[in-house]
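The primary structure of each chain is shown beneath.
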Amino acid sequence: MLQNIRDNSQGIVAKIIVGLIVVTFALFGVESLVSLTSGSNAPATVNGVDISERDLLQGADLQRRQLLAQMGENADPTLLDDNLIRKATLDNLIQQEILVQSAVDQNMAISDQVLDQMIINTQDFKVNGVFNPDQYQAVLRNAGLTPLMYKNLLRKETLISYERSGYMLSAFVLNDEAERIMTLDRETRDLAYVKVGLQDYMQGVSLTPADLTAYYDAHQQDFMTEEQVAIEYLLVNKADLLKEVKVDETELQAQFEQLKAAFKSEEQRTVSHIMIEVSDKVDDAAALAKAEALEKKLAAGEDFAALAQSESDDPGSAAAGGDLGVYQKGMLDGPFEQAVYSLKAGEVSAPVRTAFGYHIIKLTGLSESKAPEFDEVKDQLIAEQMDNKVEQIYVERVGQLTDLAFSSGDLQDPAAELKLNIIEAAPFSRKGGNDDITSNPRVVRAAFNEELIRDSLNSDPIELDSGRTLVLRIKDHITPRQLSEEEVKPQITEILTLKKAGEALQASLESELEQLQQGGERVAINGSEWQTADAVGRADRNQPVEVIAAAFKLPKPEQGASYSLIRLNDGTQGIVAVTAVNEPDLSTVSADEKKAMRNILSQRSGQFDYQAMMEARKNAAEVERL
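Residues numbered from 1 in each chain as written. Predicted model: local features only at pLDDT ≥ 70, side-chain atom pairs only at ≥ 80, totals over all residues. Heavy atoms only, no water.

1. Comments concerning the overall build of the protein chain
Put simply, the test is: Strands are runs of DSSP state E lasting at least two residues, helices are runs of H or I lasting at least four, and both sets are numbered from the N terminus onward. Restricting the calculation to C-alpha atoms gives the radius of gyration, and the globule rule supplies 2.2 Å times the number of residues raised to the power 0.38. Burial classes follow relative accessibility: with a 1.4 Å probe on protein chains only, a residue under 20% of its type's maximum area counts as buried, one over 50% as exposed, and anything between as partly exposed. Contact between two residues is taken to exist if any of their heavy atoms lie within 4.5 Å; hydrogens are not considered. The charge count treats Lys and Arg as positive and Asp and Glu as negative. His and the chain ends do not count. In this description, the location of a charge corresponds to atom NZ of lysine, CZ of arginine, CG of aspartate or CD of glutamate.
When its secondary structure is counted, the protein chain shows 23 helices and 18 strands. A compact globule built from 626 residues would reach a C-alpha radius of gyration of about 25 Å, whereas the protein chain, at 36 Å, exceeds it by more than 25%. Expressed along its principal axes, the backbone C-alpha trace of the protein chain runs to roughly 100 × 90 × 55 Å. Counting only residues that meet the buried cut, the protein chain has 38% of its 626 residues in that class. For the protein chain, the share of sequence-separated contacts (at least 6 apart) that also reach a separation of at least 24 residues comes to 74%. Looking at the protein chain, you have 61 positive and 101 negative side-chain charges, and the mean spots of the two groups are 3 Å apart.

Structure, rendered in structure tokens:
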């Protein structure tokens with residue numbers, strides 16, 4: 001905890017994290033992904049509020065698709081447990097509903113206008129720093145969402161975050177508590193430690209043949225060879241089929257004509273604004289008065305961009321003279337959009353009230369999007385034609401491979417018919433091989449299929465990714481066998497040598513520790529000398545982390561030193577001693593540093609309070625599951 005506080009105090013004390021919604025998408029209800037009847041029984045209710053079967057199935061379906069996307073091109077749907085996904089989705093839906101109800105009970109709400117502003121300010125929806133509706137739709141489409149679904153999820157997540165922020169911002173820590181933590185955090189210790197390796201103790205280990213035999217007899221199950229298979233396969237690779245594809249110029253022209261026919265010109269409006277914010281410091285009347293004064297200045301001929309730079313409360317656009325970029329119909333709801341589409345090019349609106357304050361809007365440009373020229377899209381059309389043609393050939397070739405492999409007793413005839421090379425792979429175990437083919441989970445599963453091994457059959461087609469499919473055949477099946485004692489003698493010798501050396505080292509250190517605790521002097525252990533370090537802090541990285549951790553767990557020595565055995569990650573063992581504990585002088589700590597520490601501790605206290613509230617709400621909620 002103290003190290004975490006130290007790390008936080010060196011950075012920004014508080015950060016507002018926005019962007020958890022993408023994770024929420026995978027867990028909560030969405031629209032129109034599956035067709036369901038409206039009469040389904042609710043799989044759960046929370047305080048009398050139903051969680052519908054439709055929401056559960058839709059959320060589980062989206063969660064499943066996102067998991068597959070995270071797994072990459074080689075994702076295997078059969079590796080996912082639908083029952084576990086359904087259970088996890090329902091658990092999260094229940095928790096979300098509990099938290100939303102909790103926030104509503106606290107009279108928390110969020111307006112549509114604020115949600116709209118959050119959407120257009122989301123970085124993922126911007127192109128060149130400006131909200132782009134096409135980008136917005138594309139991001140949502142990739143997540144399996146519609147704008148309405150997104151807005152509903154954003155509303156729920158924002159309500160939950162409001163309540164969480166309330167707990168975080170209302171928690172406090174007393175000065176005495178903060179000073180106590182700072183004292184512990186800045187405390188230093190004088191210490192000494194010795195590290196002893198196994199090497200010298202290994203040289204003194206003596207093993208008899210009886211020792212080796214006894215260990216072998218007791219651990220025979222550990223000395224088995226792995227089951228392995230060697231396969232041969234035929235691979236249809238879409239990339240290899242590109243050489244069979246030729247571009248047809250007539251088809252290119254037809255593609256272009258279809259593209260032009262589908263093109264729809266859209267009106268684009270370039271907008272600037274000056275925003276006067278309504279806040280705790282500036283009430284509605286004052287904001288309106290300032291906006292009206294600015295309106296008069298603009299009417300008198302003052303420059304809009306200059307006024308925006310000096311007077312606008314929107315930091316995102318003020319520096320650019322109020323420029324908001326290009327707007328299209330439907331990007332915003334309410335009075336702001338009504339004003340934008342009531343203006344002619346160059347006109348300035350009267351003050352417009354929104355949830356944020358008053359806006360003076362100027363339509364700086366008006367244009368229509370133009371249909372593309374052939375040369376502009378030719379490369380794109382060629383790529384589309386090539387993709388379509390090679391996809392057709394690929395699907396046809398995979399179909400031929402499927403039929404031929406099913407009817408053939410080996411891979412010779414399919415290889416000759418399709419002009420493919422039979423590829424042989426080195427033997428591999430159920431853990432997979434060392435190349436991308438034999439390490440593929442689908443290939444491994446098929447290669448160890450009992451029916452294929454027993455009956456020497458060709459496998460069904462195995463799709464490696466969107467452009468590669470193979471059929472395999474078992475060439476050799478290597479069954480596990482018991483390794484003899486002679487074969488594993490070097491392995492057993494190493495195991496027993498390390499074990500006995502470790503026991504000897506442990507006994508030596510325990511004996512030395514006992515003498516030290518009785519007041520004995522610190523002397524070298526098997527040639528390893530003691531090292532000392534004074535005024536070592538918790539964050540010191542000049543000493544081994546295991547030494548620091550052990551030293552700050554030891555009690556303050558009443559006389560002499562406190563001692564503890566340690567085991568380090570490099571395999572060595574040792575003893576650590578604390579000879580003195582040095583408390584800091586907090587009189588040198590500035591008021592700002594103390595305030596920062598109180599803020600950090602308050603946030604941690606708020607986190608604990610919020611977690612306790614969540615647990616209490618869950619325990620008190622009346623949740624019924626079918």
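The rest of the description comes next.
2. Remarks on the sheet that holds strand β18 (residues 623-625)
The condition is simple: For two strands to be treated as a pair, DSSP must find no fewer than two bridges joining them. To obtain each axis, a line is fitted to C-alpha atoms, and for helices this fit is confined to the stretch in contact; angles are then taken between N-to-C directions over 0 to 180 degrees.
In spatial order, the strands read β2-β1-β18; together these three strands make up an open sheet with antiparallel pairing. Only two strands of the sheet have a single neighbouring strand rather than two, namely β2 (49-51) and β18. Going from strand to strand, the sheet's axes swing by 20 degrees on average, the running direction of each strand aside. Of the pairings in the sheet, the one linking strand β1 (residues 44-46) to β18 comprises three bridges and is antiparallel in character. For valine 46, the partnering residue across the bridge sits in β18 and is valine 623. The strands touched by helix α4 (residues 82-105) are β1, β2 and β18; relative to β1, the strand with the most contacts, the crossing angle is about 20 degrees.

3. Examining the pattern of salt bridges
To keep it simple, the criterion reads: Each salt bridge in this description consists of a side-chain nitrogen of Lys or Arg and a carboxyl oxygen of Asp or Glu lying within 4 Å of one another.
What the rule picks out here adds up to 26 salt bridges. In this structure, lysine 594 and glutamate 179 form a salt bridge, with 3.7 Å as the shortest nitrogen-oxygen distance. Within this pair, whereas lysine 594 is found in helix α23 (residues 591-620), its partner glutamate 179 is found in helix α8 (residues 175-186), the two being separated by 415 residues in sequence. The partly exposed category is assigned to lysine 594, whose relative accessible area is 22%. Residue arginine 468 is joined to aspartate 465 by a salt bridge in which the shortest nitrogen-to-oxygen separation is 3.0 Å. Arginine 468 gets classed as buried once you look at its relative accessible area, which sits at 17%. Linked by salt bridges that have partners in common, Lys87, Asp91 and Arg625 make up one network.

4. Remarks on the packing of aromatic side chains
Stated precisely, the cut-off is as follows: Pairing of aromatic side chains here covers Phe, Tyr and the six-membered ring of Trp, requires ring centres within 6.5 Å, and sorts the geometry by plane angle: under 30 degrees stacked, over 60 edge-to-face, intermediate tilted. Geometrically, a lysine NZ or arginine CZ counts as sitting over a ring once it is within 6 Å of the ring centre and also within 35 degrees of the ring normal.
What the rule picks out here adds up to nine aromatic pairs. Between the aromatic rings of tyrosine 216 and phenylalanine 223, the centroid separation amounts to 6.0 Å while the plane-to-plane angle is 15 degrees, which identifies the pairing as stacked. Pairing phenylalanine 428 with phenylalanine 448 gives two aromatic rings, centres 6.2 Å apart and planes at 80 degrees, and the pair type is edge-to-face. With phenylalanine 428 in strand β12 (residues 428-429) and phenylalanine 448 in the loop between α19 (441-447) and α20 (450-455), this pair connects stretches of sequence that are 20 residues apart. Here phenylalanine 428 and phenylalanine 448 have matching classes, each one buried. Linked through ring pairs, Phe125, Phe131, Tyr136 and Tyr150 together constitute an aromatic cluster. One residue, lysine 238, lies across the ring of tyrosine 394, its end atom 5.3 Å from the ring centre. Geometry around tryptophan 530 places arginine 522 over its ring, the cationic atom sitting 5.7 Å from the centre.

5. Re the packing of helix α3 (residues 53-71) against α4
Going by this rule: In this scheme, roughly parallel covers angles under 35 degrees and roughly antiparallel covers those over 145, while 65 to 115 is roughly perpendicular and the rest are oblique. Note on convention: the crossing is left-handed when the near helix lies turned anticlockwise from the far helix by less than a right angle, right-handed when the turn is clockwise. Residues are grouped as follows: Ala, Val, Leu, Ile, Met, Phe, Trp, Tyr, Cys and Pro are nonpolar; Asp, Glu, Lys and Arg are charged; all remaining types, including Gly, are polar.
Where α3 meets α4, the axes come as close as 9 Å, and the angle between the chain directions of the two elements is 120 degrees. As far as their axial angle goes, α4 and α3 are oblique. In the packing of α3 onto α4, the handedness of the crossing is right-handed. Within the contact between the two elements, α3 uses Glu53, Asp55, Leu56, Leu57, Gly59, Ala60, Gln63, Arg64 and Leu67 and α4 uses Asp82, Ile85, Arg86, Thr89, Leu90 and Leu93. Considered class by class, the residues forming the contact of α3 with α4 number seven nonpolar, three polar and five charged.

6. With respect to the environment of phenylalanine 608
Mapped onto the elements, phenylalanine 608 comes out in helix α23. Placed 214 residues apart in sequence, phenylalanine 608 and tyrosine 394 show a C-alpha to C-alpha distance of 57 Å.

7. Digging into the side chain of serine 312
This is how it is decided: The term polar contact refers here to a pair of N or O atoms within 3.5 Å; inside protein, the definition further demands a hydrogen-donor-capable atom paired with an acceptor-capable atom, and it admits residues adjacent in sequence only when both atoms are side-chain atoms.
With respect to the secondary-structure elements, serine 312 resides in the loop between α14 (304-311) and α15 (315-318). Residue classification places serine 312 among the buried residues on the basis of a relative accessible area of 12%. Side-chain polar atoms of serine 312 contact the backbone nitrogen of methionine 275, separated by 3.2 Å. When neighbours within four sequence positions are excluded, serine 312 is seen to be in contact with His273, Ile274, Met275, Leu307 and Ala318.

8. Here's the deal with the confidence of the model for the protein chain
For clarity, the threshold we go by: Scored from 0 to 100, pLDDT records how confident the predictor is in each individual residue.
The share of residues in the protein chain with pLDDT of 70 or more is 92%, and the mean pLDDT across the chain is 86. Across residues 1-40 the pLDDT falls below 50, and counting only partners more than four positions away or on other chains, this stretch makes 77 contacts in the model.

9. Quick word on the sheet that holds strand β9 (residues 352-354)
Across the sheet, which stays open at both edges, the four strands sit in the order β8-β7-β10-β9 with antiparallel pairing between neighbours. Each edge of the open sheet is held by one strand with a lone partner, namely β8 (323-327) and β9. On average, each strand axis in the sheet is inclined to that of its neighbour by 40 degrees, with strand direction left out of account. Pairing analysis gives three bridges linking β9 to strand β10 (residues 357-368), with the strands arranged antiparallel. Across the sheet, the residue bridging to threonine 354 is glycine 357, located in β10. Across the sheet, helix α13 (residues 284-299) is in contact with β7 (267-277), β9 and β10; its angle to β10 comes to roughly 40 degrees.

10. Description of helix α21 (residues 485-517)
Spelled out, the test is: Each residue after the first adds 1.5 Å to the expected span of a helix. The angle between axes fitted to the seven-residue stretch ending at a residue and the seven-residue stretch beginning at it gives the bend at that residue.
The terminal C-alpha atoms of α21 lie 45 Å apart, and with 33 residues this matches the ideal 48 Å at 1.5 Å per residue to within 8%. In the structure, α21 departs most strongly from a straight axis at glutamine 491, where the bend amounts to approximately 35 degrees. Among all positions of α21, only Val488, Ile492, Leu496, Thr497, Ala501, Gly502, Leu505, Leu509, Glu512, Leu513 and Leu516 are buried. Close packing links the buried residues of α21 with β5 (188-196), α9 (199-203), α10 (209-218), β16 (562-567) and β17 (573-582).

11. Describing the nonpolar core
Our working rule: Side-chain atoms within 4.5 Å link the members of a nonpolar core, which is a set of buried Ala, Val, Leu, Ile, Met, Phe, Trp, Tyr and Cys residues.
Grouped together as the largest cluster of nonpolar side chains are 28 residues, with contacts concentrated most on Ile119, Phe125, Tyr136, Leu145, Tyr150, Val271 and Ile361. For this core, the secondary-structure elements that each account for two or more residues are α5 (112-120), α6 (133-142), α7 (147-170), β8, α16 (335-340) and β10. The dominant element in this core, judged by the number of residues it contributes, is α7, at five residues.

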